[in-house]
Amino acid sequence: MSSFNDIEPPKLSPQLGAIHPINQVKDFLIDLLQDYGFTAVDGPEIESEEFNFDMLNIKKTHPARQMHDTFYVNNKTKVLRTHTSPVQIRSMLDSNPPLAITSAGKVFRKDDDATHLPMFHQVEGMYIDEQVTFSQLKDLIHKIIYAIFGSEIQIRFRPSYFPFTEPSAEVDILSENGKWLEVLGCGIINPLVLENCKIDSNKYSGLAFGLGVERIAMLKYGVNDIRDFYKSNLDFLNQFK
Amino acid sequence: MKFLYKDLLNFLSEKPAKELLSEKLFQLGHEHEIADDIFDMELTPNRGDCLSLNGLARELNVFFGKVQPYKIFEGDIPPLDFNFKNLCKDACPKISFLEIEIEDGIALYKPYLENYFSLLGNNKVNFFTDVSNYISYELGQPTHCFDAKTIDNQLIFENRVCDESFKTLLESNINLEGKNCIFSVDNKILSLAGVMGGKSTACSSQTRKTIIECAYFKPEEIIGKSIKYNLVSDAAHKFERGVDIEAQEKVLRRFIAIVQDHAVIKNFKIQTFNDVEHKQYSIPIDLERVNKILGIDIEKEKYLMILNKLGFEINNNVLNVPSYRHDISSQNDLAEEIARVLGYDNIKNKPIEIKNNLNENIKHTSKVKNFLVQNGFSEVINFPFTSVKDKKSITIDNPLDSNKSHLRRSLKYSLLENLQFNERRQNDSIKLFEISDIYSRDDHINQEKKLGIIISGRRGHNYADFSKKLDFNYLNQILNEGLDNNIFNIEEISRADLKTKKKDKIFYTEVLIENIPPDIYKDYSFNKEKINFIKYQPVSEFPSSVRDFSFSIVDFKKYNMVIELISNFDDDILKDAYFFDFYENKKLQEIKVGVRLIFQSVLCTLSEEEIQKTIHRLLKPILDLEGVSVPGL
């Protein structure tokens, strides 16, 4: 190499940006569920109390409906949805079983501290058909968790309480440091919810599950502080290229 | 709720080890932590019946058997003629009053009572209140003790609109507003029913005659009061979740027995006001349905045995639900009972084949996003709350604070804040975008999905883009080139109102997603396999330091070596390094390569010495090469 003709300027590597890590995880989960046969549907973030609470068997007296837990808007005629579950109600009212939907998006709770944010993301799924059982729900949840965390991960199902499912369960995974970490809530859809949506609960049954996207992202990426996702710091965001 | 391991063992026939007890509590759905011999329970809100030793023992009966370790007063209790009026029987369908008078002299607390305070860290108040608190721990039923001499006229329970102050027994002054369930005498509020008693009628260490109120309050009437008035109370926690409407007499008989353990009782009397007969709830036995819900094949004998041990009475073809189980009303509830006892993890998985009447997935925005990412833009997500409003803004009725009282109508201000934040962090090339639903209001609530893009600073961190600025032409070329109409209207945002010394121009555009032609980014499909779960590195909060070096290379044979040494150099404090200049000086037969090094530590602000040490490590092998120099160094 003795002349300019032999010189290659330093390589111009493409300067890529990054999709937000929360949306990367959200899209990953939606794609996973679509592969299992679920159809992705969407719903509004401003919801009626009827769809956000009543139809889901969350009674007027439930603590979640208090002003200190839920954002009310438009002279208290609507709420910022507190979960993505109203999309299930809309889907059940719109379509007949068999029905398999997944929905993802922003949800809002009146909370703001080191471990809780007023806005976060959920992904959930619902399947309604004749004779959907708890043992099938377990099988599906195992598949989902193995797809996210690998097939070696240890899983634990615990009874829990959600007004819209019965039986209800929370699912934990065993972390590397030997602690159980909650990653998912699920259950058999409460027959009252099916009946609210004009679905014959003697003929049909259903399963439902929901994941917190931030929770999954924190575990997968090793992010310790949930607030880091929303500082819009390029030093943070550009790590997720 | 906290309990002592050995206290719960007293309620069980078998005496399981702590680990086994913990395992079974988890299996039944009762989360907890253990510190030494104390279990700290986190019970789901539908299981108020488990908020006591007796309640947990009822659950564990199915595994370990249950005994009644305590004595209750079994004899006759003379009737009380208590001057009481219930003006809201719907909120309080059942209430009992026990009057007890004791002689002076209270014995040292027996171990069961003493341990509740000394080992669980509860504060002693006075004898009667201490017994009341202990009984709530043991049996789950809150009681309230009035000093009898302070009730000098008719006691009234009512649910009325209040606008007055009330001093709690913890001496805090509460301004009651709106409708509240209260006890009053002569129209003066004595206590906030089901939440906290008042100072004026509270027992003291001198109290020898007390009236113990023991009630069932409807949860709906109590919910929200403790938060509204910032009163944390065990009673409210239990009444909100529902207590056992059948338990009052037994609880008061237990009260007498504990008092007898510690003092000489002069006399006692009781009166119960039971205005609504409790109707026992029954569910038909339908084993087939339960097996279908769970996907199992449990035998009838086992099914009945489990439910019986959980307190359900078998009556011909129906199951009578225990009065303390407010959460049971359907076959699905019974299925959960069976599943909890079998253990969720012991129910065998069965494969599922998903059938679906729907097949049209929502159109998502991944192609637009991928196009922008390929062009160096990074996505942000912002909260929708803002203080900026216009006539179409949607107002939040109960905002977190006044600066967050509306939903944003544009992504602009959020993105501008993001840009300034990154400028303050010494970022000199900023390209951000956000896609979000935006809401507005006229006759209806309208929803639109919008894309906002903002840029400012250098075009890029390489020698081709370093000296160029992100400007209108750059954005216009990227976004509008090849489109028939300029879909993206680009505006310059003035820095005049921004508190910044930066001079780089800011350009912004916002567009409705639906206005972007669907096929223009067709080559930017989302790659499912693309997600890479990297382990993120904490971001430094300390300032960075920049050093530029210009290498002069006259021996062209060394050129590749120089580039390689710089490109491969790595150090804990080197945040970034890039070639910002490349120049072939044909006249002087010299190649000039400009390198920018950015130093930053996650631990501290770097000293000049630390930076120079790293620079020396980089430069030494390069400057050892013949024909390579850094002029001026």
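Residues numbered from 1 in each chain as written. Chains lettered and ligands numbered in written order. Predicted model: local features only at pLDDT ≥ 70, side-chain atom pairs only at ≥ 80, totals over all residues.

### Some details on the overall build of chain A
Part 1 of the argument: Counting its secondary structure elements, chain A contains seven helices and ten strands.
Part 2 of the argument: Viewed in the frame of its principal axes, chain A has a C-alpha envelope of about 85 × 45 × 40 Å.
Part 3 of the argument: For chain A, buried positions account for 52% of its 241 residues.
Part 4 of the argument: Residue pairs in contact within chain A that sit at least 24 positions apart in sequence constitute 64% of those at least 6 positions apart. (Helix = DSSP H or I, 4+ residues; strand = E, 2+ residues; numbered from the N terminus. Buried ≥ 20, exposed ≤ 12 C-beta atoms within 10 Å, placed from the backbone. Contact = placed C-beta atoms within 7 Å.)

### Focus: the overall build of chain B
Part 1 of the argument: Secondary structure summary: chain B contains 17 helices and 26 strands in total.
Part 2 of the argument: By the compact-globule yardstick of 26 Å for 633 residues, chain B is too spread out, its C-alpha radius of gyration being 37 Å.
Part 3 of the argument: Seen along its three principal axes, the alpha-carbon backbone of chain B occupies a region of about 120 × 60 × 60 Å.
Part 4 of the argument: Counting all 633 residues of chain B, 34% fall into the buried class.
Part 5 of the argument: Considering only intrachain contacts with a sequence separation of at least 6, the fraction spanning at least 24 residues in chain B is 70%. (Rg over C-alpha atoms; globule rule 2.2 N^0.38 Å.)

### Structural notes on the sheet that holds strand β4 (residues 78–80) of chain A
All names here are of chain A.
Part 1 of the argument: Overall, antiparallel pairing links the three strands, which are arranged β2-β4-β3 in an open sheet. Each having just a single partner strand, β2 (46–47) and β3 (72–73) make up the two edges of the open sheet.
Part 2 of the argument: Sheet analysis places β2 next to β4, joined by two bridges and oriented antiparallel. Within β4, the residue paired with isoleucine 46 across the bridge is leucine 80. (Pairing = 2+ DSSP bridges.)

### Section: the sheet that holds strand β10 (residues 204–212) of chain A
Part 1 of the argument: Strand order across the open sheet formed by seven strands is β1-β5-β6-β10-β9-β8-β7 (chain A), with mixed pairing between neighbours. Sheet topology places β1 (39–41) and β7 (155–159) of chain A at the edges, where each strand pairs with a single neighbour. Recorded for the sheet is a direction-independent mean angle of 25 degrees between the axes of neighbouring strands.
Part 2 of the argument: Judged from the three bridges that link them, β1 of chain A and strand β5 (residues 99–108) of chain A form a sheet pairing that is parallel. Looking at the pairing, alanine 40 of chain A lines up with threonine 102 of chain A of β5 of chain A.
Part 3 of the argument: Where helix α12 (residues 331–342) of chain B meets the sheet, it contacts β7, β8 (165–174) and β9 (180–189) of chain A, and its direction lies at approximately 35 degrees from that of β8 of chain A. (Axes fitted to C-alpha atoms, helices over the stretch in contact; angles between N-to-C directions.)

### Comments concerning the environment of asparagine 233 of chain A
Part 1 of the argument: One can find asparagine 233 of chain A in the loop between α6 (213–221) and α7 (234–237).
Part 2 of the argument: With 19 C-beta atoms counted inside 10 Å, the residue asparagine 233 of chain A sits in the partly exposed group.
Part 3 of the argument: Excluding residues that lie within four positions of it along the chain, asparagine 233 of chain A makes contacts with Asn422, Arg425 and Val539 of chain B.

### Brief notes about the domain arrangement of chain B
Part 1 of the argument: When cut into domains, chain B gives domain 1 (2–64), domain 2 (84–274), domain 3 (282–346), domain 4 (366–515) and domain 5 (545–629).
Part 2 of the argument: Between domain 3 of chain B and domain 5 of chain B, the C-alpha centre-to-centre distance is 74 Å. (Domains from an automatic or database assignment.)

### Observations concerning the confidence of the model for chain B
Part 1 of the argument: Averaged over every residue, the pLDDT of chain B is 94; residues scoring 70 or more account for 98%.
Part 2 of the argument: Across the assembled chains, the prediction reports ipTM 0.95 with pTM 0.91. (pLDDT = per-residue confidence, 0-100.)

### Some points on the pairing of strand β22 (residues 506–512) of chain B
Residue and element names in this part refer to chain B.
Part 1 of the argument: The pairing of strand β20 (residues 445–457) with β22 spans seven bridges and is classified as antiparallel. When the sheet's bridge partners are listed, lysine 450 is paired in β22 with leucine 512.
Part 2 of the argument: Sheet topology note: the strand β21 (residues 490–493)/β22 ladder contains four bridges and is antiparallel. Bridge pairing in β22 places glutamate 492 opposite phenylalanine 507.

### Details of the environment of glutamate 434 of chain B
Residues and elements named next belong to chain B.
Part 1 of the argument: Take glutamate 434: it is sitting in strand β19 (residues 429–441).
Part 2 of the argument: What makes glutamate 434 buried here is the crowd of 21 C-beta atoms within 10 Å.
Part 3 of the argument: As a C-alpha pair, glutamate 434 and leucine 411 span 23 residues in sequence and 7.4 Å in three-dimensional space.
Part 4 of the argument: Ignoring any residue separated from it by four or fewer positions in sequence, one finds glutamate 434 in contact with Glu379, Val380, Ile381, Asn382, Leu411, Ser414, Leu415 and Gly452.

### Considerations on the nonpolar core
Part 1 of the argument: Judged by nonpolar contacts, the single largest core of 178 residues is most densely connected at Ile141, Cys186 and Leu207 of chain A together with Leu98, Ile212, Phe217 and Phe255 of chain B.
Part 2 of the argument: In this structure, Ile563, Phe579, Leu597 and Val628 of chain B belong to the second largest nonpolar core, which totals 17 residues. (Core = buried A, V, L, I, M, F, W, Y, C linked by C-beta atoms within 7 Å.)

### Thoughts on unusual backbone geometry
Part 1 of the argument: Cis geometry marks the peptide bond from proline 97 of chain A to proline 98 of chain A, where omega comes out at 0 degrees.
Part 2 of the argument: When you line up the elements, proline 98 of chain A lands in the loop between α3 (86–94) and β5.
Part 3 of the argument: The omega torsion across glutamate 166 of chain A and proline 167 of chain A is 0 degrees, close enough to zero to call that bond cis.
Part 4 of the argument: Secondary-structure assignment places proline 167 of chain A in strand β8.
Part 5 of the argument: You will see that asparagine 57 of chain A, though not glycine, has its phi angle at about 70 degrees, which is positive.
Part 6 of the argument: Here asparagine 57 of chain A is to be found in the loop between α2 (49–52) and β3.
Part 7 of the argument: On the basis of neighbour counts, which here come to 19 C-beta atoms within 10 Å, the residue asparagine 57 of chain A falls in the partly exposed class.
Part 8 of the argument: One non-glycine residue, asparagine 187 of chain B, adopts positive backbone phi at about 70 degrees.
Part 9 of the argument: Relative to the helices and strands, asparagine 187 of chain B is located in the loop between β8 (173–185) and β9 (188–192).

### Notes on helix α4 (residues 134–149) of chain A
Residues and elements named next belong to chain A.
Part 1 of the argument: The end-to-end C-alpha separation of α4 is 22 Å, in line with the 22 Å expected for 16 residues at 1.5 Å each.
Part 2 of the argument: Residues of α4 that are buried: Phe134, Gln136, Leu137, Lys138, Leu140, Ile141, Ile144, Ile145 and Ile148.
Part 3 of the argument: The positive-phi residue at the C-terminal boundary of α4 is glycine 150, with phi of around 95 degrees. (Expected span 1.5 Å × (residues − 1).)

### What about the packing of helix α10 (residues 287–294) of chain B against α12 of chain B?
Residue and element names in this part refer to chain B.
Part 1 of the argument: In the contact formed by α10 and α12, the axes pass within 9 Å of each other and the chain directions differ by 70 degrees. Here α10 is positioned roughly perpendicular relative to α12, judged by the angle of their axes. In the packing of α10 onto α12, the handedness of the crossing is right-handed. From α10, Arg289, Val290, Ile293 and Leu294 reach across to α12, where they touch Gln331, Asn332, Leu334, Ala335, Ile338 and Ala339.
Part 2 of the argument: Looking at side-chain class alone, the contact of α10 with α12 contains seven nonpolar, two polar and one charged residues. (Parallel < 35°, antiparallel > 145°, perpendicular 65-115°, else oblique. Left-handed = near helix turned anticlockwise from the far one by under 90°. Nonpolar A, V, L, I, M, F, W, Y, C, P; charged D, E, K, R; others polar.)

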